[in-house]
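For reference, the chains in residue letters:
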Amino acid sequence: MLLIPCPWCGPREEGEFAPGGEGHIRRPEPQAASDQDWAEYLYYRTNPKGLHFERWVHAAGCRRWFNVARDTVTHEIRAVYKMSENRPEGL
Amino acid sequence: MADAVPVARSPLAHLPEAAREMRDDLAVSLRERPLLGLLNLRLDAASEAAQRVKAALGFGLPGEPNRATGEGGRSALWLGPDEYLVVTEPGGEAALARSLAEALQDRGAVTDVSDGRTAIEIAGSRARDVLATGCSLDLHPRVFRAGQCAQSGLAKARIILHQIDDRPGYRVFVERSHAEYLWLWLMDAAAEYRAAT
Ligand SMILES: [Zn+2]
């Protein structure tokens, strides 16, 4: 069980949250994108062993989406930041 | 056929009196606060509309997450960065919704959600222990005190919890369809403390 620090509510139990997959994925410009670009946008994910940037929603709490930088090996949460913010440097 | 007049009815109204009552002189008391007026309020807390809402309510909205403000039978609970639950006495919701809508001047939204939930009040020296049986929130007084609120789960039911005083007393807002389940769960969870005072 993870203890996830919601940027609004503070630390809450994992059961209050729902994961939303990898974060910072940009939708390509439809006219300019090749089939490969679309395929990568829709289906390709980084799936790293280690630091992963992902989205979570505080579903049973304030119902806001936010970003989490989590280590997929240790489950350590290295950073939590709001949807409007960029990936933190130096993690 | 005469038109049926809709009558507001508590989701616990069908339970027998004996199942609904708990005495106040015990370490845990439970009572329903049925039919409270509940308004969902959406607005930018930093806007001028928030100042007008403050005048309409008679007190300011909470400035911090998971805090509640209130006065004279009304309260406002933080639900999100631009979302609040305004609680008022039964029957007072329509008039308050109108004055809040007027104060917002289309810079936000107010929605009457009174029928969606009921409120159960749980109070007494062991009330915290009963809640802790089914809730993952840290309710220790160094973390959670009177004037704070939180949305979370209690025995898997989705709730809004508001600590109203230092007895400690809590108001548990529960969705209508889970109200009977949660009431019976609370009665059962409180049973072990009922003998001890
Ligand atoms: Zn939250």
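Caption draft 1: Inspection of the overall build of chain A at higher detail. The helix and strand inventory of chain A stands at one helix and six strands. Listed by position from the N terminus, the elements making up chain A come as β-β-β-α-β-β-β. Counting only C-alpha atoms, chain A reaches 40 × 25 × 25 Å along its principal axes. Each of the 91 residues in chain A was classed as buried or not, and the buried ones make up 35%. Here the analysis covers contacts within chain A between residues at least 6 apart in sequence; of these, 43% occur between residues at least 24 apart. With the model as given, the accessible surface of chain A reaches about 5,800 Å², and the carbon-plus-sulfur share is 48%. Each charge class in chain A was averaged separately, 12 positive and 13 negative side chains, and the resulting centres sit 5 Å apart.

Caption draft 2: Local environment of the overall build of chain B. Per the secondary structure count, chain B includes five helices and 10 strands. Its C-alpha atoms give chain B a radius of gyration of 17 Å, near enough to 16 Å, the size a compact globule of 197 residues would have. In terms of overall dimensions, chain B has C-alpha extents of about 60 × 55 × 30 Å along its principal axes. Evaluated residue by residue, chain B yields a buried proportion of 45% over its 197 residues.

Caption draft 3: Just the packing of helix 2 (residues 48-57) of chain B against helix 3 (residues 93-104) of chain B, in detail. All names here are of chain B. Relative to each other, helix 2 and helix 3 sit at 155°, their axes nearing to 8 Å. By the angle class used here, helix 2 and helix 3 are roughly antiparallel. Where helix 2 crosses over helix 3, the handedness of that crossing is right-handed. Taken together, the residues of helix 3 that come into contact with helix 2 (itself represented by Ala 49, Arg 52, Val 53, Ala 56 and Leu 57) are Leu 96, Ser 99, Leu 100, Ala 103 and Leu 104.

Caption draft 4: View of the interface of chain B and chain A. The partner chain A presents 11 residues to the 15 residues of chain B that form the contact. In terms of surface lost to chain A, no three residues of chain B exceed Pro81(B), Ser136(B) and Gln151(B), which account for 41% of the buried area on that side. Linking chain B with chain A are three salt bridges. Salt-bridge contacts for Arg63(A) lead to Glu83(B); the nearest nitrogen and oxygen are separated by 3.4 Å.

Caption draft 5: View of the coordination of the zinc ion. Residue and element names in this part refer to chain A. Donor atoms from the polypeptide that bind the zinc ion are Cys 6 (SG), Cys 9 (SG), His 58 (ND1) and Cys 62 (SG), placed at 2.0 to 2.4 Å. If you look at the zinc ion, its four donor atoms make angles of 105 to 117° with each other, and the shape they trace is tetrahedral. Donor residues for the zinc ion sit on one chain with the sequence pattern C-x2-C-x48-H-x3-C. In terms of burial, His 58 and Cys 62 fall into one category: buried.

Caption draft 6: Here's a closer look at the pattern of salt bridges. Throughout the structure, instances matching the rule amount to 13 salt bridges over all chains. Glu121(B) is the salt-bridge partner of Arg33(B), the closest N and O atoms lying 3.4 Å from each other. Of this pair, Arg33(B) sits in strand 1 (residues 29-33) while Glu121(B) sits in strand 7 (residues 117-123), and the two are 88 residues apart along the sequence. Residue classification places Glu121(B) among the buried residues on the basis of a relative accessible area of 12%. For Glu64(B), the salt bridge is made with Arg67(B), and the minimal N-O distance between the two is 3.8 Å. Overlapping salt bridges, with partners in common, bring together Arg63(A), Arg64(A), Arg42(B), Asp82(B) and Glu83(B) in one network.

Caption draft 7: Fine view of the sheet that holds strand 6 (residues 77-82) of chain A. Residue and element names in this part refer to chain A. If you trace the four strands from one edge of the open sheet to the other, you get 3-4-5-6, paired in antiparallel fashion. The open sheet is flanked by strand 3 (18-22) and strand 6, the only strands paired with a single partner. Each neighbouring strand pair of the sheet contributes to a mean axis angle of 30°, computed without reference to strand direction. Here five bridges tie strand 5 (residues 65-71) to strand 6, and the two strands are oriented antiparallel to one another.

Caption draft 8: Local environment of a nonpolar patch on the surface. Residues Leu42(A), Tyr43(A) and Tyr44(A) make up a contiguous nonpolar surface patch of roughly 390 Å² in combined accessible area. Looking at the secondary structure, you find Tyr44(A) in the loop between helix 1 (35-43) and strand 4 (51-57).

Caption draft 9: Focus on the domain arrangement of chain B. Residue and element names in this part refer to chain B. Parsing chain B into structural domains produces domain 1 (19-34 + 116-196) and domain 2 (37-114). Averaged C-alpha coordinates put domain 1 and domain 2 at centres separated by 24 Å. Taken together, the 13 residues of domain 1 in the interface contact 14 residues of domain 2. Taking both sides of the interface into account, the surface hidden between domain 1 and domain 2 amounts to around 1,100 Å²; carbon and sulfur atoms contribute 55%. Sorting the residues of domain 1 by area buried against domain 2 places Arg 117, Cys 149 and Gln 151 first, and these three jointly supply 38% of that buried surface. Joining domain 1 to domain 2, the criterion identifies one salt bridge.

Here is what the cut-offs are and how they apply
Residues numbered from 1 in each chain as written. Chains lettered and ligands numbered in written order. Predicted model: local features only at pLDDT ≥ 70, side-chain atom pairs only at ≥ 80, totals over all residues. Heavy atoms only, no water. Helix = DSSP H or I, 4+ residues; strand = E, 2+ residues; numbered from the N terminus. Buried < 20%, exposed > 50% of the residue type's maximum accessible area, 1.4 Å probe, protein only. Contact = heavy atoms within 4.5 Å. Areas by Shrake-Rupley, 256 points an atom, 1.4 Å probe, with all protein chains shown as cover. Lys, Arg positive; Asp, Glu negative; His and termini not counted. Charge placed at Lys NZ, Arg CZ, Asp CG, Glu CD. Rg over C-alpha atoms; globule rule 2.2 N^0.38 Å. Axes fitted to C-alpha atoms, helices over the stretch in contact; angles between N-to-C directions. Parallel < 35°, antiparallel > 145°, perpendicular 65-115°, else oblique. Left-handed = near helix turned anticlockwise from the far one by under 90°. Buried area = accessible area lost by both parts, 1.4 Å probe. Salt bridge = Lys/Arg side-chain N within 4 Å of Asp/Glu carboxyl O. Donors = N, O, S within 2.8 Å, 3.2 Å for Na, K, Ca; no water. Tetrahedral: all angles 85-135°; square planar, octahedral: opposite > 155°, others 65-115°. Pairing = 2+ DSSP bridges. Patch = residues over 30% accessible without salt bridge, like charges linked within 9 Å, V, L, I, M, F, W, Y side chains within 5 Å. Domains from an automatic or database assignment.

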